[in-house]
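Notes for the structure review
This is what each chain is made of:
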Amino acid sequence: MEKIINVFARHEIKYILSEDQRRCVMRGIKDHMIPDPHGMSTIRNIYYDTPDYRLIRKSLDKPIYKEKIRLRSYGRPTEDTVVFLELKKKYDGVVHKRRVEIKEKDAESYMSGAIGLSELEERIAVISNPQIAREIDYFKNYYGNLKPIVYLSYDRCAYFSDEDESLRITFDKNIKWRGENVRLTEEVGGEDLLKEGESLMEIKTATALPVWLTKVLSEAGARPASFSKYGNAYRAIIDAVNERKGKENDKYICEHILERNTDDRGICNQPSRGAHSGGGNSDSVFLPYGALKRVSHNSVVASGDSRSNHYDG
């Protein structure tokens, strides 16, 4: 029986690869890595955030510590399928992931506030560490009023090292996001976050990269790149709003933004500050909860600099 690990602490290094680079890397790792026995899987994620997008805005300000909460499934679940409710934290370059296994309908009930911590603990499918549920509950109560903001899906192939059990390499293709029908039980689909032919490779390890792998990366011309799935979905929304400057609905998109500062065209131009952004000073468009649903069908793919400098989603 496959062992499921629900606590991780490791470094994650990301690369945006062309089709040729991906093939080169695949050739280089075949003698050192073992394919996941499940083959390619479609991973579905629901990212939760506050109505003013506090979590993602803080993350994009690149603080030394950042965190997020998501619901994840491998394949399309039913309401009775066991899924993962995860806390993902990053401190000083090290990613920590802690998660519980729970039925999809129970996870939805908990995140919506229909059930509390005691009911959550009762419904956890596999209790490996009771502390994790309490950490999730603290996080949920601390931020308050968390909403399902973005649905993210992608096709993943994973490989494991036969020499270092902490070393794992994944390749993600068809990364898509949307702001409507935000439930794991829904069909995949949405806007693309990568250009045609591109894939996202992630190297996850608790130790230094082996020499053979650094040679493979060099031969493929692969260079590390910061990339956040949720961050780029949020960025695509901002791009969509900016593209529609001067149109009548610009003011409608921004009208419910907390502490807004709009110009004469109704475009929101407010710098992040204080508790809303983790103390950063970057210019950010504050989008109200629901704006994703209003503009996602017209969003554009973030490219170039617009998809850089964000950590993983």
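Note that the coordinates shown come from a computational prediction; the quantities given were computed from them, not determined experimentally. (Residues numbered from 1 in each chain as written. Predicted model: local features only at pLDDT ≥ 70, side-chain atom pairs only at ≥ 80, totals over all residues. Heavy atoms only, no water.)

Some points on the overall build of the chain
Counting secondary structure elements, the chain contains 9 helices and 13 strands. The buried share among the 313 residues of the chain stands at 50%. Taking contacts inside the chain between residues at least 6 apart in sequence as the whole, the part at least 24 apart equals 72%. (Helix = DSSP H or I, 4+ residues; strand = E, 2+ residues; numbered from the N terminus. Buried < 20%, exposed > 50% of the residue type's maximum accessible area, 1.4 Å probe, protein only. Contact = heavy atoms within 4.5 Å.)

Let's talk about the environment of tyrosine 138
Looking at the secondary structure, you find tyrosine 138 in helix 5 (residues 130-143). For tyrosine 138, a relative accessible area of 59% translates into the label exposed. When the C-alpha positions of tyrosine 138 and leucine 117 are compared, they lie 9.4 Å apart, and in sequence the two are 21 residues distant.

Brief notes about the packing of helix 1 (residues 19-29) against helix 6 (residues 211-220)
Interaxial distance between helix 1 and helix 6 falls to 9 Å at its minimum, and their mutual angle equals 155°. It follows that helix 1 is roughly antiparallel to helix 6 by the angle criterion. Taken as a pair, helix 1 and helix 6 cross one another with a handedness that is right-handed. Judged by residue contacts, Gln21, Cys24, Val25, Gly28 and Ile29 of helix 1 engage Trp212, Leu213, Val216, Glu219 and Ala220 from helix 6. For the contact of helix 1 with helix 6, the class distribution of residues is 7 nonpolar, 2 polar and 1 charged. (Axes fitted to C-alpha atoms, helices over the stretch in contact; angles between N-to-C directions. Parallel < 35°, antiparallel > 145°, perpendicular 65-115°, else oblique. Left-handed = near helix turned anticlockwise from the far one by under 90°. Nonpolar A, V, L, I, M, F, W, Y, C, P; charged D, E, K, R; others polar.)

A word on the pattern of salt bridges
Under the counting rule described, the total for this entry stands at 24 salt bridges. We note a salt bridge from aspartate 192 to lysine 176, for which the minimum N-O separation is 2.6 Å. Placement of the pair is aspartate 192 in strand 10 (residues 191-192) and lysine 176 in strand 9 (residues 168-178), with a sequence separation of 16 residues. A relative accessible area of 32% means that aspartate 192 is categorised as partly exposed. Sharing partners across several salt bridges, the network here consists of Glu19, Asp20, Arg22, Arg23 and Lys173. (Salt bridge = Lys/Arg side-chain N within 4 Å of Asp/Glu carboxyl O.)

Quick word on the confidence of the model for the chain
Overall, the predicted model of the chain reaches an average pLDDT of 82, with 74% of residues at or above 70. Mean pLDDT values for the elements of the chain range from 41 in strand 12 (residues 270-271) up to 98 in helix 1. Note that residues 256-285 has pLDDT below 50 and, in this model, 64 contacts with residues that lie over four places away or in other chains. Long-range and interchain partners of residues 296-312, a stretch whose pLDDT sits below 50, account for 62 contacts in this model, where long-range means more than four residues apart. (pLDDT = per-residue confidence, 0-100.)

Some words on helix 5
For helix 5, every residue scored as buried is listed here: Ile132, Ala133, Glu135, Ile136, Asp137, Phe139, Lys140 and Tyr143. At the exit of helix 5 stands glycine 144, carrying a positive phi of roughly 65°.

Examining the packing of aromatic side chains
Taken as a whole, this structure holds 7 aromatic pairs when the rule is applied. Centroid distance tyrosine 74 to phenylalanine 84: 5.8 Å. Interplanar angle 85°. Geometry classified as edge-to-face. Separated by 10 residues along the polypeptide, tyrosine 74 in strand 4 (residues 65-74) and phenylalanine 84 in strand 5 (residues 82-91) bring together distant segments of the chain. Residue class for tyrosine 74 comes out partly exposed when judged on its relative accessible area of 40%. Ring geometry for tyrosine 159 versus phenylalanine 171: centroids 6.0 Å apart, planes at 85°, classification edge-to-face. Here phenylalanine 171 lies in strand 9 and tyrosine 159 lies in strand 8 (residues 147-161), a separation of 12 residues in the sequence. We note that tyrosine 159, like phenylalanine 171, is buried. Grouped by ring-pair contacts, the aromatic residues Tyr138, Phe139, Tyr142 and Tyr143 constitute a single cluster. (Phe/Tyr/Trp six-rings, centres within 6.5 Å; stacked < 30°, edge-to-face > 60°.)

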